[in-house]
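Single-letter residue listing:
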Amino acid sequence: MTISETQNGGISAADVTRIVATIVDAVQADRTRLMDIVQAVQHRLGYVSDEAVHAIAERLGIHGVEIEDMVSFYAFLNREPKGRFHIRLSKTPISMMRGAAAVAGAFSRATGAVIGGTSPDGEFTLEWTSDIGMGDQEPAALINGTVLTALTPSDVLPIVAALRQQHAENGVPLFPGSDAQRAGLLKAKIGASLVKSGPVVFQTGTAAGAGLEAALAKSPEEIIQTMAKAKLRGRGGAGFPTALKWKLCRQSVSEAHHVVCNADEGEPGTFKDRVLLTELPDVVFDGMTIAGYALGARRGLVYLRGEYAYLWDRLQAVLEHRRRVGLLGKDAGGKAGFDFDIRIQLGAGAYICGEESALIDSLEGKRGAPRDRPPFPTDRGYLQQPTAVDNVETFACVTRIMEKGAEWFAGFGTPDSTGTKLLSVSGDCQRPGVYEVPFGITVNEFLDLIGAPDAAFVQMGGPSGQCTAPKDFGRRIAYEDLSTGGSVMVFNSGRDVLEIATQFAEFFVEESCGWCTPCRVGTTLLKQGMEKVLRNRATPADIAALEALANTVSRMSRCGLGQTAPNPILTTMRNFPEAYERRLQAETFLPAVTLREALAVAVEVQGREPVVQEGVG
Ligand SMILES: Cc1cc2nc3c(=O)[nH]c(=O)nc-3n(C[C@H](O)[C@H](O)[C@H](O)COP(=O)(O)O)c2cc1C
Ligand code: SF4
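What counts as what
- Residues numbered from 1 in each chain as written.
- Chains lettered and ligands numbered in written order.
- Predicted model: local features only at pLDDT ≥ 70, side-chain atom pairs only at ≥ 80, totals over all residues.
- Heavy atoms only, no water.
- Near = heavy atom within 4 Å.
- Nonpolar A, V, L, I, M, F, W, Y, C, P; charged D, E, K, R; others polar.
- Salt bridge = Lys/Arg side-chain N within 4 Å of Asp/Glu carboxyl O.
- Buried < 20%, exposed > 50% of the residue type's maximum accessible area, 1.4 Å probe, protein only.
- Helix = DSSP H or I, 4+ residues; strand = E, 2+ residues; numbered from the N terminus.
- Pairing = 2+ DSSP bridges.
- Contact = heavy atoms within 4.5 Å.
- Polar contact = N/O pair within 3.5 Å; in protein donor to acceptor, adjacent residues only side chain to side chain.
- Areas by Shrake-Rupley, 256 points an atom, 1.4 Å probe, with all protein chains shown as cover.

A.B. asks: Which parts of the structure should I look at to understand the site of ligand 2?
C.D. replies: With respect to spatial proximity, 13 residues lie near ligand 2, and among them Cys513, Trp515, Cys516, Cys519 and Cys559 are the closest. Of the residues assigned to the shell around ligand 2, the class counts are eight nonpolar, four polar and one charged.

Structure follows, in structure tokens:
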């Protein structure tokens, strides 16, 4: 697959049917491959047209509504034609701090497209998108899937001029990389992200494949015992013990078991999995193969976020090489009777698909809606069969544990959080990027390491994590103290903690899947509540109501997204009460906006001021 998108451009309905037939037949008309089918169709036509929906439905023998339902869910799938070049600008607190608004303005002027629209000549669509995993190199953008980083307004005219000269089938121009860390990634302009290697994941000196070889010499039960001895906990955020998950999955009786690598990495501020997949793909694939052997699985699936499509060709080449040398396929790794292969599933821009049950639905070619639990994926996951979903970094740890032993691994970190952690650092510090540090390091020690002497607050664990104040900088980064899946965003004293919390609130409004009311409605009300505070219109009663609402959304939401969405508000209320108090009004009630603010658009359109009574506006 290449990552250029071309436009429909006059393809007849008959040709659409023919194109769809070829695409559907290439996956043996497998309904669970609907994501691949729809993405391939969009790649050929530029969007998923009515004809295409009809043709796919007919060929798969399903109802068109199933396709519409799925396509409408994902931000990267289009039912309408878009510009020949689709520019998606990363919108995060960090990108905004680094001047993303000015870059967006420059793109708008250069292309003639308003943000959220397509230019009159049909060439460019310009949109904001949630974090694209480049927090250390903002402002960043995806243009037809190609990543551009560290953009400034003055970069924009030459980029747009170069794009205009490209012919449809050529996609975007290549921006060759400039250092070894991205060797082979020609379709991206990305700087090196790995700042500090540690003694576990990024260690050097062990022969490639040694972990897999050691694992295949043991029994599956022994491997699971080794993970238990190492006290390995999942690196995706929740810190669930990997050995327990694998034991439950293995015990579950079924025709087939599955291993899934969660490479969705949608948490704003997190990009360590991108770096791992770039730098050490074989270590991750070894870990998946070890898991496959331990669980008795024949199939491994990598769910790669759509924003990382530019990694696709490279990862496929690594998998192909592994097949050639016998590490995948029949008797994988030379182990008689162990047949195991790995397939990559590309996501399509939905943060909720990082949640494991939503991810599984997406893998099955559906909208990524979280499932009710129980049953847990270890009992009924992919295709209703036992499935272990683990994070990219967890698989890398598995390989290292098999290479060097459980005691060696447990010798790093703390008794409850063994090993090291990869942290993705962005924001106000001198050296943003990925750091591998032992669990147990204090926030203060870590801030010294990254060069952040002026940190006024640190968002640990992305928007769903905790906003940490200086009084807590002595705390340890570990599951039992300050926990993070990998995101560390640093803000100095020039930043407004409530503005940042409001931007996180907006992120959850965008990313709520809409299935349950507490989250769908609650996240919007939370955002509106924060906007009222920012406008200096909130009263003590508003703050009390906001806190009660935040607790309700936390308690009543169906999945982890809604349950953690209020965290930015609750943790800033707890740790920065003075920031709220400074903005409070003493009145018992104030409307969210003044009459003047409510009439602002009408005033602009009419070109005349309203007559407002004294004291009302
Ligand atoms: C909204 C939401 C998003 C998530 N995103 C990710 C993600 O991008 N990557 C990830 O590994 N886990 C993510 N998780 C956690 C997964 O559900 C799951 O716990 C994890 O993949 C298990 O792997 P681990 O045990 O190796 O940590 C997310 C959870 C929620 C609720
Ligand atoms: S909590 Fe939010 S994301 Fe989760 S199911 Fe409900 S609406 Fe969807």
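Let us keep going from here.
A.B. asks: I'm lost on the pattern of salt bridges in this one. Help?
C.D. replies: Oppositely charged side chains can form a pair if their charged atoms are brought close together. Within this structure, the stated rule accounts for 39 salt bridges. Between arginine 305 and glutamate 307 there is a salt bridge, with the nearest N and O atoms lying 3.2 Å from each other. On the accessibility criterion, arginine 305 (3% relative accessible area) is buried. Close ionic contact of glutamate 531 with lysine 527 constitutes a salt bridge, the shortest N to O distance being 3.4 Å. One end of the pair, glutamate 531, and the other, lysine 527, are both in helix 19 (residues 517-534), four residues apart, so they sit about a helical turn from each other. Overall, glutamate 531 belongs to the partly exposed group, its relative accessible area being 24%. The network of salt bridges with shared partners includes Lys272, Asp273, Glu393 and Lys421.

A.B. asks: Could you clarify how one ought to interpret the pairing of strand 13 (residues 433-438) in this entry?
C.D. replies: Side-chain direction in a regular strand flips from residue to residue, so the side chains alternate between the two faces of the sheet. Taken across its six residues, strand 13 has five buried, putting it largely inside the fold. As judged from the six bridges shared by strand 12 (residues 420-427) and strand 13, these two strands associate in the antiparallel manner. Across the sheet, residue valine 425 finds its bridge partner in strand 13, namely glycine 433. The turn joining strand 12 and strand 13, which pair antiparallel and follow one another in sequence, is formed by five residues.

A.B. asks: What am I meant to see in the side chain of lysine 421 here?
C.D. replies: Here lysine 421 shows up in strand 12. Lysine 421 gets classed as buried once you look at its relative accessible area, which sits at 1%. Here lysine 421 is in contact with Arg235, Lys272, Glu393, Tyr435, Glu436, Val437, Phe439, Thr484, Gly485 and Gly486, once residues within four sequence places are set aside.

A.B. asks: Got a minute to help me understand the site of ligand 1 in this structure?
C.D. replies: The environment of ligand 1 is made up of 18 residues, and the closest members are Gly236, Lys245, Asn262, Asn391 and Thr394. Between ligand 1 and arginine 235, the relevant distance is 3.4 Å, taken from an oxygen atom to a main-chain nitrogen or oxygen of the residue. A distance of 2.7 Å is found between an oxygen atom of ligand 1 and a backbone nitrogen or oxygen belonging to glycine 236. Starting from 610 Å² of accessible surface for ligand 1 in isolation, the protein chains cover 86%. Of all the secondary structure elements, the ones that give two or more residues to the shell around ligand 1 are strand 11 (387-391) and helix 21 (560-564). At three residues, strand 11 tops the list of elements feeding residues into the shell around ligand 1. Of the residues that constitute the shell around ligand 1, the class distribution is three nonpolar, eight polar and seven charged.

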